[in-house]
Structure formats: C-alpha cells, structure tokens
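Here is what each chain is made of, one letter per residue.
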Amino acid sequence: MLILTCPYCGVAADETELAPGGEAHLRRAGPAAGEAEFEAYMFHRANPRGVHFERWRHAFGCGKWFHAARCTMTLEVFGTYSAQCTAPPAAIFKAILASRPDWTPTPGQPEPPKPAARARKSAAKPVAKGKAKAKTPTAPAAKPAKADAKGKGDAT
Ligand SMILES: [Zn+2]
C-alpha cells in the first residue's frame, strides 16, 4: 500500500485518500515549438522502473497538489514536496542517493544539483593559507608591520 505524507497538512495519507496526477516537472512546449515537440509535451510520459517523480493531490484531505519521489517497483517513498517547486529539493536527491547510490536520472527526469560549492571552497582555501602565512611572520615582530604602515603613508 502506498502512503504519502502531504507536505501541506502533514497527514500520512493512504493512496485511497489521494488522486494521481501523472509525471511531475513537465516542461510546457513554447509557442515556437514544432509539432513533434508539442506532441511529446502532450502525450509522451516516462514510465520508469525505479525512481519516479510524480504529482499527487490530497483529494480527500486538504485538496492541494504536491510532488512525490518514489520507487515504482518497491513503493519506497523518498519524500514529498511542494508542487510549487520546479525541481526536487536537494534533500530529495540526498534521500534517493542514500537508498540507491548508483541511481542516475533517466532522460527527462530532473538531475541532482552539481557540486559547484566544493570548487569554490577549495579555491578559497589557498587564499586563507596565504593570509595565515603572512600573519605568522608579522605577529612576533609587530614593530616592522607598523613601520610598513608608516612607509605606505609617506609614499601616498
Ligand atoms: Zn494535505
């Protein structure tokens, strides 16, 4: 039995209390789209065996739409989140990868955020080390640092 927790009212709802809304995170075909692109938007739906992102409505509860990430084989639920999200939150991807480390999104599925923050942190570290090195020689000899400051003042 499928049980999804509604992200709005917090009720762990049985599937008889919910109404399915199909695949989540569909991108609407724009006005410049061709027939094939519009057909794909209207009719082509993913039906993966495994991790799937879906829309559900808490029909016999608060009545609101929400998104759920679950496994279509085992009915394992990785999480539910607001229908206002254009992509699953990072916590959902974290839950999926914790359960299935080898999971990769099928074409058309939302992709987990790339670790760009790591690159920034590693770039920031050498700067911090450079500052630390500069402080260590000046800290024991405080007088030369003041002389430098005076020298700069005179130069300007
Ligand atoms: Zn609800």
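Residues numbered from 1 in each chain as written. Predicted model: local features only at pLDDT ≥ 70, side-chain atom pairs only at ≥ 80, totals over all residues.

Would you mind showing me how to read the overall build of the chain here?
The helix and strand inventory of the chain stands at four helices and six strands. Counting from the amino terminus, the chain carries its helices and strands in the arrangement β-β-β-α-β-β-β-α-α-α. Buried positions account for 13% of the 156 residues belonging to the chain. Of all intrachain contacts in the chain linking residues separated by at least 6 positions in sequence, the fraction that spans at least 24 positions is 46%. (Helix = DSSP H or I, 4+ residues; strand = E, 2+ residues; numbered from the N terminus. Buried ≥ 20, exposed ≤ 12 C-beta atoms within 10 Å, placed from the backbone. Contact = placed C-beta atoms within 7 Å.)

Explain unusual backbone geometry here, please?
The general pattern is negative phi for most residues beyond glycine and trans for most peptide bonds. Non-glycine residue His 25 carries a positive phi angle of around 60°. With respect to the element layout, His 25 can be found in the loop between strand S3 (19-23) and helix H1 (35-43).

Honestly, the sheet that holds S3 in this entry has me stumped. Any pointers?
Hydrogen bonds between backbone groups are what pair the strands of a sheet, and the pairing can be parallel or antiparallel. Across the sheet, which stays open at both edges, the four strands sit in the order S3-S4-S5-S6 with antiparallel pairing between neighbours. Lying at the two open borders of the sheet, with one neighbouring strand each, are S3 and strand S6 (77-82). Within the sheet, the average angular offset between the axes of one strand and its neighbour, ignoring direction, is 30°. Two strands pair when backbone bridges link them, and strand S4 (residues 51-57) and strand S5 (residues 65-71) are joined in this way by seven bridges, in the antiparallel orientation. By the bridge assignment, Arg 55 is partnered in S5 with His 67. Running over the sheet, helix H2 (residues 90-99) touches S4, S5 and S6 and is turned about 175° from S6. (Pairing = 2+ DSSP bridges. Axes fitted to C-alpha atoms, helices over the stretch in contact; angles between N-to-C directions.)

Please explain the environment of Arg 49 as it appears in this structure.
Relative to the elements of secondary structure, Arg 49 occurs in the loop between H1 and S4. Overall, Arg 49 belongs to the exposed group, with 9 C-beta atoms counted inside 10 Å.

Sorry, what's going on with the nonpolar core here?
Soluble globular proteins tend to bury their nonpolar side chains together. With 15 residues, the main nonpolar core has Leu 4, Trp 56, Ala 68, Ala 69, Ile 92 and Ile 96 as its most contacted residues. Elements represented by at least two residues in this core include exactly S4, S5 and H2. Not counting the four nearest positions on each side in its chain, Ala 68 is found in contact with Leu 4, Glu 54, Trp 56, Val 77 and Thr 80. (Core = buried A, V, L, I, M, F, W, Y, C linked by C-beta atoms within 7 Å.)

How do you make sense of the pairing of S5 when you look at a structure like this?
Walk down a regular strand and you will see the side chains alternate between the two sheet faces. Across the seven residues of S5, five count as buried, placing the element largely inside the fold. Pairing analysis gives five bridges linking S5 to S6, with the strands arranged antiparallel. Pairing of Ala 68 across the sheet is with Thr 80, part of S6. Linking two consecutive strands that pair antiparallel, namely S5 and S6, is a turn of five residues; a positive phi of about 65° is found at Leu 75 within it.

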